[in-house]
Amino acid sequence: MEKLFRSKSSVLVSILLAFTLIAAACGDDDSGSESSVSDAPADATENDSEVATGEDYSDFKVVMILDGSAEDGGWNTTHLRSGNRMADAFPGIDFSYVEAIEPGQPATNAFQDAVDTGADLVIGTTFYQFDMMEVADENPDTYFLTWAGFEDQPNVGHFSQATEDGRYLDGMVAGLLTESNIIGYPVGFPYAEVNRGLNAFTLGAQEVNPDVEVRALYLNTWFDPAIEQQAAEALANEGADVIAHEVGAQVYATVMAERSGYVFGYTNDWSDFEPEAWAGGFLIDWSTYYIEQVEDIIAGEFTPGISYGGLAEGWIEFAPYGPAVTDDMLELVEERKQQIIDGTFDMFAGPIFDNQGNEVIVEGETIPFAERDFCCDFLVEGIIGEIPAT
Amino acid sequence: MNDSVVILSIASAITVAIPVLFAALGEIIANRCGVMNLGVEGMMLMGAVVGFWAGIETESLTIAMLAGGAAGASLALVHAALAVSLRVDQTVSGLSLVIVGGGLSSFIGTAGEPGVLSAPNGVDVNPLLPQSLRDLPGVGPTLLGQDIIVYIGVALVGASAYVLYRTSAGLAFRAVGEDPAAADAAGIPVVKVRYLGTMIGGFGAGLGGAYLALAIVGTWQNGLTAGAGWIAVALVILSGWRPWIALIGAIMYGVLNGLGFSLQLADIDIPSDFLRMVPFVAAYAVVVAISASPARARKVAAPAALAQPYARESR
């Protein structure tokens, strides 16, 4: 009997181990290894057969390194969408990605793996600056693009996006939609981009609705649906009937739908989720940048350094607007959008006051476009809330 | 900050407490029969994705909740097989459950067309009692305005406390957790009890995950629980393995989380990360207070055979 039990248990062990391995491989926790370099969706690779139509880029290999799941519906989905658009522009190009690479040693390994598999260009989609520096140094023939990096290296390009262009226009729509004149705006941590987005959004809302107040809420997390639900409830209880945010959960739409309010997305198109509550939201599109870089590399004219782009550069686009947004509203928005693209409208033109009463940008001054990446350490007048000390 | 805002934050705090409460109750029962399962987070994720999927398919809250519980229990069965039958180290097995649950849930969530990821909620979770009762000042929104699952959760606290401490089945459960050899000699089927306890634990975690997805967030996203499972594990220790204290702890957790936002909105400068730290500081304080008094320590100590595998032949 004992013997029988033992053999049974060894079978059980094998089954369990197999199950565990399969499960782990399916998930996003095992992506550091080379084997998980997966082919990008078919639309990028099908072009192999279309060599006859033009040039063939099949000897050019691009690897994208994502910090989360490609299906997160937000940051990484946006990057992959941009990557796929880039691949569409170069028939036959070898484009692949790795998911769920955390900054630190796993990222360094992933960059090295990408180089070892023969990549000509490696794109890092989060703050991998310190993880890829050495790899870039040791492989001068490979080119690298890293999001929000800054170190000067001859084969490295850095890129960051002017989300304020999108935020300003979203703010205008929000200012027109709100009936309570209270807009809730939960965010993760007090980073420059977060504060800048809040400011641009508020300035946009104030342009069309001077009575509007924006209630900023710093959550100390980027993604925690239960916490975010409480934050959304707290804002709604304070009277907010529109919520824009810079965090990850979809719960704002759920809460706003219950109360007939509206929600904006943060670089994700969630217009199908609670469609009645969906107002709209800007999206980031890095494909223009990626395409330019690939062209330059192939032409042997790569320029290292920091690139910053917004509406004018084609880096910002918009998800479909929701049913509550009228044509009259869109007309106003469209006009401003054109002026931002033409350079005839400057949202940060002084005088601008912060919510402590200080004149942070004086009359006749502005924040030059190239320096906006480092703004802001203040919140403009009309925002109720304070930047927490870090 | 006016009164209604305070009352509404308490109402939302109670809702937020429920997933953690279910998971903690389950873990208390598993722990009481000597099985430590650190995989609560993974089991909650499985419960969330399967429960949410079942909700879309059946549009029935009951079936969705039960499916979520069953998903958690199935994952717990893996732990029971490894930890009870094969006597694998329970910490290792539990921790791998977190990884397996995280990976598997994200796989299930993205598999299939159109898929569970970001799909609209299939079920409506509505308040149980009639509007007239919910309009009562104070107690209306907080105590009477909740949905049926919240009341079931509180009832389960009472039921598990009663069963554990007032019935012979509960005595058998606790005996297995305190001294499995003696329990075995008394004719209690140790292995069966531990399997049952572990699976009840998984069922609780699955219920918690399903409630989180169905009633609180109203959608499935990868990594939805964001650490709630670990809060539940901490809560079990903080409660001294007693269901009623776990209920109080869970509500305290919900209140402190929400309070951070209410205070921030009211321009009162207490950092929300400080408030969110309070439950853990409280856990330390409780542990210190307990160890200061040996009499008290015996009363609320961990089950003596917690995390110890039992092998009859090694007696």
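Residues numbered from 1 in each chain as written. Chains lettered and ligands numbered in written order. Predicted model: local features only at pLDDT ≥ 70, side-chain atom pairs only at ≥ 80, totals over all residues.

Here we look at the overall build of chain B
Now for step 1: Broken down by element type, chain B carries 14 helices and 0 strands.
Now for step 2: Rg of the C-alpha trace for chain B: 20 Å, near the compact-globule value of 20 Å for 315 residues, within the 12% margin.
Now for step 3: For chain B, the spread of C-alpha atoms along the three principal axes comes to 65 × 55 × 35 Å.
Now for step 4: Counting only residues that meet the buried cut, chain B has 53% of its 315 residues in that class.
Now for step 5: Long-range pairs, those at least 24 residues apart, make up 76% of the contacts in chain B with a sequence separation of at least 6. (Helix = DSSP H or I, 4+ residues; strand = E, 2+ residues; numbered from the N terminus. Rg over C-alpha atoms; globule rule 2.2 N^0.38 Å. Buried ≥ 20, exposed ≤ 12 C-beta atoms within 10 Å, placed from the backbone. Contact = placed C-beta atoms within 7 Å.)

Looking at the nonpolar core
A general feature of soluble globular proteins is that nonpolar side chains tend to end up buried together.
Now for step 1: Grouped together as the largest cluster of nonpolar side chains are 203 residues, with contacts concentrated most on A:I65, B:V20, B:A24 and B:Y211.
Now for step 2: Excluding residues within four positions of it along the chain, B:Y211 makes contact with B:I18, B:P19, B:F22, B:M65, B:I149 and B:I216. (Core = buried A, V, L, I, M, F, W, Y, C linked by C-beta atoms within 7 Å.)

A short note on unusual backbone geometry
Now for step 1: Here the bond from A:G350 into A:P351 is cis, since omega is 0 degrees, no more than 30 degrees from zero.
Now for step 2: Even without a glycine there, the phi angle at A:T267 is positive, about 45 degrees.
Now for step 3: Positioned with a positive phi, B:W241 is a non-glycine residue whose angle comes to about 60 degrees.
Now for step 4: You can see B:W241 is positioned in the loop between α11 (228–238) and α12 (243–265).

Some remarks on the sheet that holds strand β7 (residues 182–187) of chain A
Pairing between sheet strands relies on hydrogen bonds along the backbone, with the strands arranged either parallel or antiparallel.
Residue and element names in this part refer to chain A.
Now for step 1: Pairing is parallel across the open sheet formed by 6 strands, whose spatial order is β11-β10-β9-β7-β8-β17. Two strands close off the open sheet at either side, each with one partner strand: β11 (278–280) and β17 (383–384).
Now for step 2: Contacts from helix α9 (residues 251–258) reach β9 (242–243), β10 (262–264) and β11, with the element oriented near 160 degrees to β10. (Pairing = 2+ DSSP bridges. Axes fitted to C-alpha atoms, helices over the stretch in contact; angles between N-to-C directions.)

Quick word on the pairing of strand β5 (residues 143–147) of chain A
Residue and element names in this part refer to chain A.
Now for step 1: With 4 of its 5 residues buried, β5 lies for the most part within the structure.
Now for step 2: Viewed along the sheet, the connection from strand β4 (residues 121–124) through helix α5 (residues 129–138) into β5 turns out right-handed.
Now for step 3: For β5 and strand β6 (residues 156–161), the ladder comprises 4 bridges, and the chain directions are parallel. Bridge assignment links L145 to a residue of β6, and that residue is G157. (Right-handed = clockwise from strand over helix to strand, strands pointing away.)

A word on the packing of helix α2 (residues 40–58) of chain B against helix α10 (residues 190–217) of chain B
All names here are of chain B.
Now for step 1: Between α2 and α10, whose axes approach to 6 Å, the crossing angle comes to 55 degrees. Between α2 and α10, the crossing angle belongs to the class labelled oblique. Considering how the two elements wind past one another, α2 and α10 form a crossing that is right-handed. Facing α2, whose interface residues are V40, M43, M44, L45, M46, G47, A48, G51, F52 and G55, α10 presents G202, A205, G206, L207, G208, G209, A210, L212, A213 and L214.
Now for step 2: A per-class count over the contact of α2 with α10 returns 13 nonpolar, 7 polar and no charged. (Parallel < 35°, antiparallel > 145°, perpendicular 65-115°, else oblique. Left-handed = near helix turned anticlockwise from the far one by under 90°. Nonpolar A, V, L, I, M, F, W, Y, C, P; charged D, E, K, R; others polar.)

Quick notes on α9(A)
Now for step 1: Of all 8 residues making up α9(A), 7 are buried, and the element is well covered by its neighbours.
Now for step 2: When we look at burial in α9(A), the residues that qualify are A:V251, A:Y252, A:A253, A:T254, A:V255, A:M256 and A:A257.
Now for step 3: Buried-residue contacts for α9(A) involve α8 (225–237), β9, β10 and β11 of chain A together with α10 of chain B.
Now for step 4: Downstream of α9(A) by a residue or two, A:S260 has a phi angle that is positive, lying close to 55 degrees.

Thoughts on the domain arrangement of chain A
Residues and elements named next belong to chain A.
Now for step 1: Each assigned domain of chain A is listed here: domain 1 (37–161 + 285–309) and domain 2 (163–281 + 319–384).
Now for step 2: Just the C-alpha atoms count here: the centres of domain 1 and domain 2 sit 30 Å apart.
Now for step 3: Listed per partner, the contact involves 8 residues of domain 1 and 6 residues of domain 2.
Now for step 4: Looking at the side of domain 1 that touches domain 2, the elements that each hand over two or more residues are α3 (75–89) and β6.
Now for step 5: The greatest single-element share of the side of domain 1 that touches domain 2, amounting to 3 residues, is contributed by α3.
Now for step 6: Class assignment for the residues of the side of domain 1 that touches domain 2 results in 2 nonpolar, 6 polar and no charged. (Domains from an automatic or database assignment.)

Regarding helix α4 (residues 90–110) of chain B
Residue and element names in this part refer to chain B.
Now for step 1: Taking 1.5 Å per residue, 21 residues should reach 30 Å; α4 reaches 30 Å between its end C-alpha atoms and fits that length.
Now for step 2: Taken across its 21 residues, α4 has 16 buried, putting it largely inside the fold.
Now for step 3: Positive phi shows up at G112, right after α4, with a value of about 80 degrees. (Expected span 1.5 Å × (residues − 1).)

So, the pairing of strand β3 (residues 94–98) of chain A
Residues and elements named next belong to chain A.
Now for step 1: The buried fraction of β3 amounts to 4 of the 5 residues, a majority that puts the element mostly inside the structure.
Now for step 2: Strand direction decides the pairing type here: strand β2 (residues 61–65) and β3, joined by 5 bridges, are parallel. Paired with K61 across the bridge in β3 is D94.
Now for step 3: Remark: the β2/α3/β3 crossover connection has right-handed handedness.

Focus: the interface of chain A and chain B
Now for step 1: Chain A puts 38 residues into the contact, and the matching count from chain B is 43 residues.
Now for step 2: If you list the elements that add at least two residues to the side of chain A that touches chain B, you get α1 (2–26), β8 (213–218), α8 and α9 of chain A.
Now for step 3: Looking at the side of chain A that touches chain B element by element, the count peaks at 9 residues for α8(A).
Now for step 4: Broken down by class, the residue content of the side of chain A that touches chain B amounts to 19 nonpolar, 11 polar and 8 charged.

Quick notes on the confidence of the model for chain B
Now for step 1: Overall, the prediction assigns chain B a mean pLDDT of 88, with 97% of residues at 70 or greater.
Now for step 2: Confidence estimates for the predicted assembly give a pTM of 0.83 and an ipTM of 0.84. (pLDDT = per-residue confidence, 0-100.)

What about the packing of α2(B) against helix α3 (residues 61–85) of chain B?
Residues and elements named next belong to chain B.
Now for step 1: Between α2 and α3, the shortest axis-to-axis distance is 7 Å and the interhelical angle comes to 145 degrees. Judged by the twist between their axes, the crossing of α2 over α3 is right-handed. Contacts between α2 and α3 involve G42, M43, M44, M46, G47, A48, V50, G51, A54, G55 and T58 from the first element and I63, A64, M65, A67, G68, G69, A71, G72, L75 and A76 from the second.
Now for step 2: Within the contact of α2 with α3, the residues separate by chemical class into 13 nonpolar, 8 polar and no charged.

Side note on the environment of B:V300
Residues and elements named next belong to chain B.
Now for step 1: On the secondary structure map, V300 appears in helix α14 (residues 294–300).
Now for step 2: On the basis of neighbour counts, which here come to 15 C-beta atoms within 10 Å, the residue V300 falls in the partly exposed class.
Now for step 3: With 260 residues separating them along the chain, V300 and V40 place their C-alpha atoms 22 Å apart.
Now for step 4: For V300, the residues in contact, after removing those within four places along its chain, are G240 and I290.

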